[in-house]
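One letter stands for each residue in the lines below.
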Amino acid sequence: MIKILGSIKDVSEAKVISKYDFDIIDIKNVMDGALGYVGDDVVGSISKMFKNKTLSVTAGNDLHPNSQKQISRLMLMNKLGVKYIKIGVYGVDNINEHKAFLKSVSGLSIKVVGVMFAEYITNESQIDSFCELDYHGLMIDTENKNAGSSIDILPDHLIEYFTEKCRQHNKLCGISGSLSSKNLEKVFSFSPNFIGLRGAICSQSKRETIDSLNCEKVLEHFKRVNQKMHLKVV
């Protein structure tokens, strides 16, 4: 079954989402680009609230992660019990920096997930290059949240190629990026391991604040589609 990830920005939203059964709770600064970091104190407070939940954290919008700042951040997330940390993979130009970073943190238990942006994926060779990196998983997101969803931007054949390559490389595979409840069934058809949502669980599909009623509605719809697609496969 495909898992659902819900993104929150602070302790207040953590209290809201705690009432619902999201598989992964993602902590991000939604006012600072696609992968904004909320700060050490916010992550620390939220991690104390969710001792038995799977947490992920976006590490910031750096062009590459091979810096002492990012290594120290990842070590702190590892200490706090965060399961996944999300790192931006903006293009092939900094591949060697990613390799060096991943080698330096390979002894930690936290899982590092590379985030590819739909706006910059133009061919299969890029996906091949990213899959060869030692990331535990890869996901597709959108950098510009006003430019349409990831499945609107990318042609189906590239998304299918991405998910298949992730499976071949035994990587966790995710799809997010301005997705709505209306296009969930299409996202499910690509068979990722998880689907990430933010706008869909917010008030009036805006990204500022999550809404209890929308969390409930989206979860119910997600479970129905998940069950339907699972039965098709079986």
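Our subject is the structure that appears above.
As the structure is a computational prediction, the values presented were derived from the model and not from experiment.

Visitor: Help me out: how do you make sense of helix H5 (residues 124–131) in this one?
Guide: Since the α-helix turns once every 3.6 residues, residues separated by three or four places project in the same direction. Among the residues of H5, Gln 126, Ile 127, Phe 130 and Cys 131 are the ones counted as buried. Buried residues of H5, viewed axially, fall in a sector of 135 degrees; they line one side.

Visitor: Would you take a moment to explain the side chain of Thr 142 for this structure?
Guide: As for its placement among the helices and strands, Thr 142 is situated in the loop between strand E6 (137–141) and helix H6 (150–153). When its relative accessible area of 0% is taken as the criterion, Thr 142 is described as buried. When residues no more than four places from it in sequence are discounted, the contact partners of Thr 142 are Ala 34, Phe 117, Ala 118, Glu 119, Gly 148, Ser 149, Ser 150, Ile 153, Gly 177 and Ser 178.

Visitor: Help me understand the packing of helix H2 (residues 40–49) against helix H3 (residues 68–80) in this model?
Guide: Angle between the axes and distance between the axes are the two parameters that describe a pair of packed helices. The N-to-C vectors of H2 and H3 enclose an angle of 15 degrees; their axes lie 10 Å apart at closest approach. By the angle between their axes, H2 is roughly parallel relative to H3. Our pair here, H2 against H3, has a crossing hand that is right-handed. Note on element contacts: H3 touches H2 through Leu 76, Met 77 and Leu 80, opposite Asp 40, Val 43, Gly 44 and Ser 47. For the contact of H2 with H3, a count of residues per class yields four nonpolar, two polar and one charged.

Visitor: Is there a simple way to explain the packing of H5 against helix H7 (residues 156–168) in this structure?
Guide: Where H5 meets H7, the closest approach of the two axes is 10 Å, and the angle between their N-to-C directions is 25 degrees. It follows that H5 is roughly parallel to H7 by the angle criterion. Judged by the twist between their axes, the crossing of H5 over H7 is right-handed. Between H5 and H7, the residues in contact are Glu 124, Ile 127, Asp 128 and Cys 131 and His 157, Leu 158, Tyr 161, Phe 162, Lys 165 and Cys 166, respectively.

Visitor: In this structure, what is going on with the sheet that holds E6? I would like to understand it.
Guide: Note: strands within a sheet are paired through backbone hydrogen bonds, in either parallel or antiparallel orientation. In spatial order, the strands read E1-E2-E3-E4-E5-E6-E7-E8; together these eight strands close into a barrel with parallel pairing. Geometrically, the sheet is characterised by an average inter-axis angle of 25 degrees between neighbouring strands, direction not taken into account. As paired elements, strand E4 (residues 84–89) and strand E5 (residues 111–117) share six bridges and run parallel to each other. Note on E5: the bridge partner recorded for Gly 88 is Val 115. Across the face of the sheet, helix H4 (residues 95–104) comes into contact with E4 and E5 while running at roughly 165 degrees to E4.

Visitor: Even after reading the chapter, I still don't get the pattern of salt bridges, so can you show me in this structure?
Guide: Side chains that carry opposite charge are capable of pairing whenever their charged atoms lie near each other. Per the stated rule, a full pass over the model turns up nine salt bridges. Two residues, Lys 53 and Asp 21, come together in a salt bridge whose shortest N-O distance is 3.5 Å. Here Asp 21 lies in the loop between helix H1 (11–17) and strand E2 (24–27) and Lys 53 lies in the loop between H2 and strand E3 (54–58), a separation of 32 residues in the sequence. Judged by its relative accessible area of 26%, Lys 53 falls in the partly exposed class. Judged by relative accessible area, Asp 21 falls into the partly exposed class, the value being 46%. Residue Lys 165 is joined to Asp 128 by a salt bridge in which the shortest nitrogen-to-oxygen separation is 3.9 Å. One end of the pair, Lys 165, is in helix H7; the other, Asp 128, is in helix H5, with 37 residues separating them in the sequence.

The rules we used
Residues numbered from 1 in each chain as written. Predicted model: local features only at pLDDT ≥ 70, side-chain atom pairs only at ≥ 80, totals over all residues. Heavy atoms only, no water. Buried < 20%, exposed > 50% of the residue type's maximum accessible area, 1.4 Å probe, protein only. Helix = DSSP H or I, 4+ residues; strand = E, 2+ residues; numbered from the N terminus. Arc of directions from axis to C-beta. Contact = heavy atoms within 4.5 Å. Axes fitted to C-alpha atoms, helices over the stretch in contact; angles between N-to-C directions. Parallel < 35°, antiparallel > 145°, perpendicular 65-115°, else oblique. Left-handed = near helix turned anticlockwise from the far one by under 90°. Nonpolar A, V, L, I, M, F, W, Y, C, P; charged D, E, K, R; others polar. Pairing = 2+ DSSP bridges. Salt bridge = Lys/Arg side-chain N within 4 Å of Asp/Glu carboxyl O.

Interpretation note: all reported values are geometric properties and have no functional meaning in isolation.
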